[in-house]
Amino acid sequence: MDVNAAVAAAAAIAGLLTGVIAMLAFRWSERDQARPSRTSLHTDAVLPPGVDTVLSVLRSSAVVLDESDSVVKASSAAYALGLVRGGKLAVEAMLQMARDTRRDGEIRQVELDLPRRGTGRGEALAVSARVAPLGSRLVLLLVEDLTEARRIEAVRRDFVANVSHELKTPVGALSLLSEAVMDAADDPEAVTRFAGRMQIEATRLTNLVQELIDLSRVQNDDPLDDAEPVRVEELVAEAIDRSRHTATTKNITMAAGGTSALRVWGHRGQLAAALGNLVENAVNYSPAHTRVGIAARRVTAPGGDLIEIAVTDQGIGIPDKDKERIFERFYRVDPARSRATGGTGLGLAIVKHVAASHGGEVTVWSTEGQGSTFTLRLPEAAARRDRVSDGGRGTPGTPTTSDPLTAPEVHP
């Protein structure tokens, strides 16, 4: 009996203790829920009113630090650049700037090169960091990514240097030849020879200036502003006419096939210049008594049908090491041969830019000693094909795929 009473008493005491613990736990939980979190203290109570909204719309990467150097607020761009890691500012130079600004209240700005996250190639991000006090306890850090601006500036400097060099060559040659003509005034044969050389250099200078103008135009003009359905057949005919004289002089046969009833959507002038450059290069870099072919076809692509225009020659070909660079401005595989053909090194750069601005691309296949094939891929004018008059020449159909080197010959 005494044992049962003792057990009952112990059970009652245990139940009472359990109830007390449960009540205390419930009260503690309620107090924790009512207490502001670290995040809410930082964003709501610490940040001055409206600052959070302003920082969210800034294009710059923004970081707000408190007096203990903890991150109170950071934009998504700051995380993407790797400025903030584990709730701390990860760039020591910026952290020191923040401490100095917190101490004396002065605004500081500096440009830094930061290692790029996720790459092992040693590439650096160029950034501009500006630190300013925010209220009495906080410091605001704004970081602007200057990497792309630096790259564009480097391209501009290289372009200006290349243009200066390219212009200097024919201008210097004309100056020397003019002096030679003056010195040979009593020798008609020498005057004739030097005058012929002057004409060649003047033509090269004219071509260079014209291609600089063309490159500037295609870079500044939006092709969609004056876009229209353009017949591939007409573009090919215009490109052939542009190189007909040179081809005739070298006994090079030009042939075209598969171009009927195909149309691309874009700026007619730019497309004609791009295709004309490809055909002109094919003729210039082909030996005499060879063949240049132009073929077109429609190909299916995930984003819509494309028109492929391939220009094939039987020329000297392009070494593998140069294929990746031939579309760069002023790059020449063989500078000596370019001088002989009057090439400026801008033609393929114009082709690449026109293709990209029209939503297409240009690629090259080449083997040394066997020739090259440049393929221009452009969006087809399919969306408007049914609404544009065919001029009495029928509706577009599926073209026949033909080898450009065995296509029908185009006669003058």
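Refer to the structure above for everything that follows.
Residues numbered from 1 in each chain as written. Predicted model: local features only at pLDDT ≥ 70, side-chain atom pairs only at ≥ 80, totals over all residues. Heavy atoms only, no water.

Draft legend 1. Fine view of the sheet that holds strand β7 (residues 138-145). Ordered by their spatial adjacency, five strands build an open sheet running β2-β1-β7-β6-β5, and the pairing between neighbours is antiparallel. The open sheet terminates on both sides in strands that have one partner only, identified here as β2 (71-74) and β5 (108-115). Strand-to-strand, the axes of this sheet are offset by a mean angle of 25 degrees, without reference to chain direction. In this sheet, β2 lies alongside strand β1 (residues 61-65) in antiparallel orientation, the contact comprising three bridges. Residue pairing for β2: Val63 is matched across the bridge by Ala74. The strands touched by helix α5 (residues 92-104) are β1, β5, β6 (124-134) and β7; relative to β5, the strand with the most contacts, the crossing angle is about 165 degrees. (Pairing = 2+ DSSP bridges. Helix = DSSP H or I, 4+ residues; strand = E, 2+ residues; numbered from the N terminus. Axes fitted to C-alpha atoms, helices over the stretch in contact; angles between N-to-C directions. Contact = heavy atoms within 4.5 Å.)

Draft legend 2. Representation of the pattern of salt bridges in the model. Under the counting rule described, the total for this entry stands at 20 salt bridges. As a salt-bridge pair, Glu238 and Arg268 come within 3.8 Å of each other at their nearest N and O atoms. With a gap of 30 residues between them, Glu238 in helix α8 (residues 232-249) and Arg268 in helix α9 (residues 268-284) connect regions that are remote in the sequence. The residue Glu280 makes a salt bridge to Arg242 at a minimum N-O spacing of 3.0 Å. Of this pair, Glu280 sits in helix α9 while Arg242 sits in helix α8, placing them 38 residues apart in sequence. (Salt bridge = Lys/Arg side-chain N within 4 Å of Asp/Glu carboxyl O.)

Draft legend 3. Spotlight on helix α11 (residues 347-357). Considered for burial, the residues of α11 that qualify are Gly347, Leu348, Ala349, Ile350, Val351, Val354 and Ala355. Phi turns positive, to about 80 degrees, at Gly359, one or two residues after α11. (Buried < 20%, exposed > 50% of the residue type's maximum accessible area, 1.4 Å probe, protein only.)

Draft legend 4. Examining the sheet that holds strand β9 (residues 253-257) more closely. Judged by pairing direction, the sheet is mixed, and its five strands sit side by side in the order β9-β11-β12-β14-β13 without closing on themselves. This sheet does not close on itself; its edge strands, each paired only once, are β9 and β13 (361-367). Shown here is a sheet whose adjacent strand axes are inclined to one another by a mean of 15 degrees, direction ignored. Running over the sheet, α9 touches β9, β11 (291-299), β12 (306-312) and β14 (371-379) and is turned about 25 degrees from β12.

Draft legend 5. Structural detail: the environment of Leu83. Its place among the elements puts Leu83 in the loop between α4 (76-80) and β3 (84-85). Each residue touching Leu83, except ones within four places of it in the same chain, is listed here: Ser61, Ala78, Lys88, Leu89, Ala90, Val91, Met94, Leu114 and Val143.

Draft legend 6. The arrangement of unusual backbone geometry in detail. In this model, Ala261 sits at a positive phi of 70 degrees, which is unusual for a non-glycine residue. Tracing the backbone through its elements, the reader meets Ala261 in the loop between β9 and β10 (263-266). Despite not being glycine, His289 shows a phi value in the positive range, around 65 degrees. With respect to the helices, strands and loops of the structure, His289 is situated in the loop between α9 and β11.

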